Structures are given as C-alpha cells and as structure tokens.
Amino acid sequence: MYDFSKVVITSSPHIKSKEDTRSIMCDVLIALLPSLFVSTYVFGLRVILMTAVSVAACLVFETIYNKIVGKANTIGDLSAAVTGVLLAFVCPVTLPYWMLIVGAGVSIILAKSLFGGLGKNFINPALAGRAFLLASWPVAMTTWVTAGSRAGLLSNSQETLDAITAATPLAIIKGSAEGDLPSIASMLWGMCGGSMGEVSAIALLIGGAYLLFRKVISFHTPAAYIGTVAVLTLLFPAGGLGHVQSMLYGLFSGGLMLGAFFMATDYSTSPVSHKGQVVFGIGCGLLTVMIRYFGGYPEGVCYSILLMNTTVWLIDKYTRPTKFGAPAKQKKEG
Amino acid sequence: MAYTFRGGIHPGTKDDPGFKSATNTKPIEVLKAPDQVILPVSMHIGAPAKVLVKKGDIVDLGQMIAEAGGFVSAPVHASVSGKVIDVAPRLHQNGSKVMSVVIENDHEDRLHESVKPKDFESMTNDERIQAIWDAGIVGHGGATFPTHVKIKSGIGKCDTILINGAECEPYITSDHRLLLERPEEIVEGVRYLVKIMGVKQAFICIELNKQDTFAKIEQLLAGDPIIKLAPLECRYPQGAEKQLINAVTGREVPSGKLPADAGCAVFNVDTAGAVYRCFAKGMPVIRRVVTVSGSAIAEPKNLEARVGTCVTELIDACGGFKKDPNKLLAGGPMMGNAQFTTDVPVLKGTNAFLAFAEDEDKRVKDPTCIRCGRCVGVCPMHLVPVYMNMFASRNNLEGCEEYDVLDCIECGSCAYVCPARIPLVQQFRVAKMRVQEKRRAEAAAAKK
Ligand code: SF4
Ligand code: SF4
C-alpha cells in the first residue's frame, strides 16, 4: 500500500511558473545596479550611503505600518526596497539624510500603505516622495553638484556644498540656469549634473534591457514614452538647439530613461493591458515635453508620470481587450 | 508555417519544454489485464448509463453492460470477460461514489458476439452514427463529450473537421505516442469521420514538439484531397476547442456558442482511433493509453490499460512511487483533478495520471495582486482576470458578469503566470457558479 498522508487536494492549475513577486522585485533591484555603480563613480560613496539609508527607511516604515495595523510584514516582497532605491535615485546626492528619510515616510506610508499596500496604491510611491520633497525643500531638491565633485559622506547641511553647485542640462536649455551644456556623450555616460540615478542614460538602458530580457516589463510603456518624447523634441526643438540635438538632449536628460523603464512601468500604478500601456506611455511623453517646454520646472518626468497615474483606472476601462468570440458589431478597433 | 492563437503560456523549462521528456520517447506498454475492473456508469458528460447486468452474470469482452441513459449519454462495455461480482457505487475520479459494475476477470478475453467488423460502405449514415454511439465513443482528450452527439448536431453545420493532436497539457504524451505508433488507425478513423459528416476539409492538428510524427502521417495522407496535416506552434491551451479552431481556421467561436457555430467539429486523435476500431474491428471502447508521470513516479511510462483498471496497478507497473506523493492528478497539471488516492479506475477520458513529490502548486497565505498584468496578456479568451478577480473577491457579481467571467474556459493560464499566486481559476469557478445561480433565479422570478 502506498502512503497518501501527504497528499493535498486543491483546484487546478496544479503547477505555477517560477516567477513570484519577490523574484520580480529582485530583478528590478538588479536592473538598478548599473546606475548605482555609475552614480557612485560620478558622485562618490555618498551615493551608496544615501541609497542604503533610503532603503532602510522604507523597510522600517513599512514594518512599523504593518505592526500598527496588525498585518503580516510585507517587506519580504522587496517592493519597499525597490521604492527605497528609486526614491534615492530621484534625489540629488547632496540632499540631507533626514530629508530623504522624510521622503521615504511619505512614499511608504502616505502613497503606498494607506491605500492598502502593494498593488492597491495608485500613485508611484517613489515619485510621490520626490514630489513632496520638492514642494517642501525646493532648494535642497534642486542643488546639483558637478560630476566628479565629492559631497561629504556624512555632511547633512547644504552650505558646505554651495561652492560646487552645477546646473542640469535641461535647466540650461530652458534658460533657467547659467552654464555650458554638457556634450551628449558625457550625458550618456553620466558625467553631468542631476539626481543620483538619472545621470547615466547608458546604465539605465542596460538595466531596462535586463528588465525586458527577464520579461519583468514589456516594451510597450517605455517604447511609447520614449518614442513620444523623441518625436516631439525632434519636431519642436527646444532653446535654440537643432532638431536632432534637441531630441538627443530631450532623451538622455532629466531622468527620462529612469522614468520610462523604472517608474512608468510600476505595476501598481500603470495599466494592465498592452494597449493601455501604450496609451499611458504616450500620455507620459506628451506631458513630459509640455511640462519641460511650458511648465514652471525644467524637468517633467516626475509630474507627468504622477499625473498619468491618476488616469490608470480610466485607461484600463477604455483599453479593455475585446473578448474572444465577441459579437462582431461590438468589436472595437484593436 | 505553423498555426497558433493569441495568448497562452509555455509551461516547462528550457531543457524540458512541456515537461514531456520523461515519457515522450517511451513506447506504449500494454498493461496486463487486471484481475478486476470497475466500470462506472458515468465516464462521459451527460446522463449516466443504465446498467444492463446484475451480480453473478457472466459477461464477454466488449459486451454492453450499461446502455445510454439518453441522447447525450454513452453506453459502457465490459473491458474484460468474466463474472459481474458487484453492481454498487464505487469511488470515481470525481471524488464521489458512482454506480459501477465490478467484473472479475477470467483472463479468457472471450469476445462478445457483437464484436465483429462492420461494412461501413453499405451502412446508412444513421446506422454509422448509431454504431459510434453503441461503441460508447466519447471525447478521449478528457472532455468526454459523447461523439455521436457532436457528429449528429454538426452534420450540415460543419464544413471542417479538426483532429486535435495538440496535446498542449504539460507531461501528457499519450496522444503523441499514439500518433507515432498507430497513425494508420487515426488516419483511417478521420476518413470515416469525414465521410459521415460530409465535410470539405479536415486537419490533423499537431504541435511542433511532435514533429517526429509528421513524416508518417504525411505519407498516409499523400494525395488525400480533404485531409491535411496542420502543424501548430507549441502553446498552451492550444488543444482547447475554441483556441484550436482559431489557430487553424482563423474563426472565432461566438461567445456562449459551440464549435459547430463556427462550422467546425473537433475530435481528439484517439477518438478518431476509436471510430476506426469501431468499424474495422467492431470493438467498443475498452482500452485507453494513459501517461503515468510526475516527480514522484519511479519510472514514468505510457501504459495502455483496460478501462476500469485500478490506477494503483498502473503505478505499480511504473515501479511505484520513488517519493511520497504530495499531489495526485487524474489528467494534466493545468486542468486535471486532484485525487486523494490511486484507488480509482481508469476512465475513457483518462489521458494521464500524475504524481508530484514537491509542492508544485506554490500557494501562499494572503496573496495580494500586484497588478502586473501578466494574466491579461496570457488569457486565451482575451479577458481581464485581474479585474475579474477584484470583483470576485469583493463579491461583486455584476462586475464579474460585466467582465465576462462566464467566458472563462478555466484553462489556468492566468493562475499559472500569476506571480502573486492568486488562485484565480478557483475564484472564477465560484464566481461563474454564482452568476449562473443568479441568472437562474432572475429567470425564475421573471416567469412568475
Ligand atoms: S497575474 Fe496575478 S498579480 Fe498579476 S495582475 Fe494578474 S492577478 Fe494580479
Ligand atoms: S481567465 Fe479563464 S480563460 Fe482566461 S486565462 Fe484565466 S482560466 Fe484561462
């Protein structure tokens, strides 16, 4: 006789793919590593410490929140860690640590947990944290150091850094800051001013390619987003630049790659169907260029994604796939 | 050029696509007839058959022991010769006890007088369909819908026959081996079906992972003006009727309708084989090829067993379990039924029996949807499982209906890819039942 004491009865299907939430978030973290390396090379070890502080703060905030509401701790799914890295990446390296921690609190508690946590939040936590910081401490959030300069590892105040502030390429193009535009090549490699994670387009593209290869994201959102920005900046060049030049600066600056591959693809806050993702990407692209050209800020990625986040439920509703075998007259154009 | 449909998944690993490598090169082994067979009166969809014998009767191989209980029903035949030792409810693969005829095998395999070749050409079409009905032929792919019903309701409506050799369910290789080892039976069976239904085209549809069967089948089909081989890309659930029809003909079966409404009749390869055996040998359905596989099985095999053989004997023939099983399955891992024992009989539609040692199901406590959209991309019915699940978990039946939960074919693709491990299919099954209940209640209220 055989031993059936361990046999369990469940409903089909009885096998599942290997990927789970944790492995997906782990892939996102891996994909962010190239940018972390380049940024550390450009801005020094403070980048690593900033990122570590941000991640730790996110994990602690999520743990505390779960404790308070009596939920099982969810930090094991690593989504809070991803938020932590992304938040650090959209801040300048000179931001005081305590501000970063406040930002992490906003990201995790206000933008994510209060809505029910992973999958239920409707705005991107890292970007919400950044938007809050930018509104609260606009100077600290737009103080950029030049590539190669080293911000003090532990320094917590702005003054010591004043001497070495630099402008971002987009601010120069917009005319809201003085300075010489860095060459396209130095922007590709990350040798320019900007927030920690957005300086090197190449490093971000490598990470994005990894996410595509691992099928963590599909190409729809980034392609639609980047494509829209490319077309618009090519057709309507900014600040006295040539058409192609305008497009290249438009693409490789202001965290577009970071936004397109890592922020606009955030599962919770983007549409679920490929068609919806294309619409979402185009919307992000349009808004980004409009904010850059007409808005008060030189940089538009953060706000455009946050704005589009609020439309996801609508996009999902109107881009719902037509079911198999639907009567022909109801069939919408695909 | 290989055909396929939109959506679906590719279970398996790079080295073992579809988890079929354990048995796809193993020839069918004929299992010795058991000392006893248990033949439930329900091995098909539809009304249970009505038992014709009583305890103590002596029956012959192929003798009808239960007759069809209605038009949508199929008779049952003795799969061994011997003595009826019991007519009583016995454990069935569906988990409940079902009226069954238990026959003690006298190991003589004495053929019943009704088992003799039929002269197909001189029979009228009605006689031919009656012969298929009398042979107890049902869908051998696992769905077990009585074949005569499909034929009868399809004549005049269908212009195309599809022979389903997709065998897209992971692990299962019984149809693969049949296509490889007995292609003549299948092709002849298709010829019979084509004549009976009077269709203008027929396709034998086989996924590319069974390419080794193509040469022989193409040779058998050479010069045939109607029957063609249709190679399919590998993709689950390509063997689902609607997806198969769409892959090969490009047609979409309208929502809530049957394949015949798209002009197609779909038969499993072994159903075609059964049709052949019915006319050429006069033999009703008494055997079936079963893939026995999974990580808990010592030596996975393709076994040909008499219908009614206890599954335990199949496991024994495969060297027993090498590890204690965590999961026992009748059928494939995507749509098969979990069993709590091997003490159940092989049925007409049992294409596989699997035993897993590890927890392949990977359920978690309190799963949370991360809105990754994977389920949307893979749904072969182009539904939005993420929203269906949201509505189902909030008990919002209107939402479920609006998001077409009734169109779900329960293929499991969404649940397979879900990284949050949400038991989506389970949710949808319950939601479907409740939506249907609600509709019935509404219809009843409207009548009053
Ligand atoms: S696959 Fe699972 S986690 Fe992803 S959207 Fe669908 S239900 Fe949610
Ligand atoms: S919703 Fe139904 S039809 Fe669609 S993938 Fe899930 S089980 Fe299959």
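To be clear, the structure that these remarks concern was listed above.
These figures come from a predicted structure and were not determined experimentally.

A.B. asks: Would you mind going over empty space enclosed by the protein with me for this structure?
C.D. replies: With a probe scaled to a water molecule rolled over the atoms, the places where space remains empty come into view. If you walk through the whole model with that rule in mind, you get five cavities of 30 Å³ or more. In this structure, the largest cavity occupies an estimated 290 Å³ of space. Forming the boundary of the largest cavity are 22 residues, of which Met25, Val82, Phe262, Asp266 and Tyr267 of chain A lie nearest the centre. Going through the elements one at a time, helix H1 (21–43), helix H3 (79–89), helix H5 (125–136) and helix H12 (256–263) of chain A are the ones with two or more residues in the lining of the largest cavity. In terms of residue class, the lining of the largest cavity is made up of 14 nonpolar, six polar and two charged. Taken as a whole, the second largest cavity encloses approximately 100 Å³ of empty space. Around the second largest cavity, the lining is made up of 15 residues, and of these Cys369, Cys372, Cys375, Val386 and Cys418 of chain B lie nearest the centre. Every element with two or more residues in the lining of the second largest cavity is listed here: helix H9 (374–378) and helix H10 (385–393) of chain B. Of the residues in the lining of the second largest cavity, the class split is 11 nonpolar, two polar and two charged.

A.B. asks: Even after reading the chapter, I still don't get the site of ligand 1, so can you show me in this structure?
C.D. replies: Residue and element names in this part refer to chain B. Residues in close proximity to ligand 1 include Cys369, Ile370, Arg371, Cys372, Gly373, Cys375, Val386, Cys418, Pro419, Ala420 and Leu424, which together make up its full environment. Here ligand 1 is seated within the second largest cavity. Residues of the shell around ligand 1, tallied by class, amount to nine nonpolar, one polar and one charged.

A.B. asks: Would you explain the sheet that holds strand E15 (residues 327–330) of chain B in this entry?
C.D. replies: For sheets, the rule is that strands pair by backbone hydrogen bonds, running either parallel or antiparallel. Residues and elements named next belong to chain B. Taken in spatial order, the six strands make up an open sheet running E1-E14-E13-E17-E15-E16, and their pairing is mixed. If you trace the sheet from one side to the other, it starts and ends with strand E1 (29–30) and strand E16 (337–339), each paired once. Here helix H3 (residues 174–181) sits on the sheet and contacts strand E13 (287–293) and strand E14 (301–306); the angle it forms with E13, its principal contact strand, is near 125°.

A.B. asks: Looking at this structure, how should I read the environment of Phe203 of chain B?
C.D. replies: By the element assignment, Phe203 of chain B lies in strand E10 (residues 201–207). Once residues lying within four places of it in the same chain are set aside, the contact partners of Phe203 of chain B are Thr160, Ile161, Leu162, Ile163, Lys228, Ala230 and Val248 of chain B.

A.B. asks: Help me understand the sheet that holds strand E3 (residues 50–51) of chain B, please; the structure alone is not making it clear to me.
C.D. replies: Residues and elements named next belong to chain B. As summarised here, the arrangement of the three strands in space is E3-E5-E6, forming an open sheet in which the pairing is antiparallel. If you trace the sheet from one side to the other, it starts and ends with E3 and strand E6 (76–77), each paired once. In this sheet, strand E5 (residues 64–67) lies alongside E3 in antiparallel orientation, the contact comprising two bridges. Across the sheet, Val51 pairs through a bridge with Ala66, a residue of E5.

What counts, and where the lines are drawn
- Counting restarts for each chain: residues are numbered from 1 in the order of the written sequence.
- Think of it this way: whatever chain is written first is A, whatever ligand is written first is 1, and the rest follow in order.
- Residue-level local features of this predicted model are given only where pLDDT is at least 70; pairs of side-chain atoms are given and counted only at 80 or more, and the full residue set underlies all totals for whole chains, interfaces and linings.
- Side-chain metrics in this entry use all non-hydrogen atoms of the structure; hydrogen atoms and water are not considered.
- Definitions used for this entry: grid spacing 1 Å over protein atoms alone; cavity, a set of points where a 1.4 Å probe fits but cannot get out; pocket, an open set with protein on both sides within 12 Å along at least 5 of 7 lines; lining residue, one with an atom within 4 Å of a point.
- Grid points are joined across faces, edges and corners, and a volume is the space filled by probe spheres set on the points.
- Numbered from the N terminus, helices here are DSSP runs of H or I no shorter than four residues, and strands are runs of E no shorter than two.
- As a working rule, the residues Ala, Val, Leu, Ile, Met, Phe, Trp, Tyr, Cys and Pro are called nonpolar, Asp, Glu, Lys and Arg charged, and the rest polar, with Gly in that last group.
- To be near a molecule or strand, a residue needs just one of its heavy atoms within 4 Å of it.
- What decides whether a molecule sits in a cavity or pocket is whether more than half of its atoms lie within 2 Å of the grid points.
- Two strands make a pair as long as DSSP finds a minimum of two bridges between them.
- We call two residues contacting when some pair of their heavy atoms lies within 4.5 Å.
- Between N-to-C directions, angles cover 0 to 180 degrees, with each direction set by a line fitted to C-alpha atoms, over the stretch in contact for helices.

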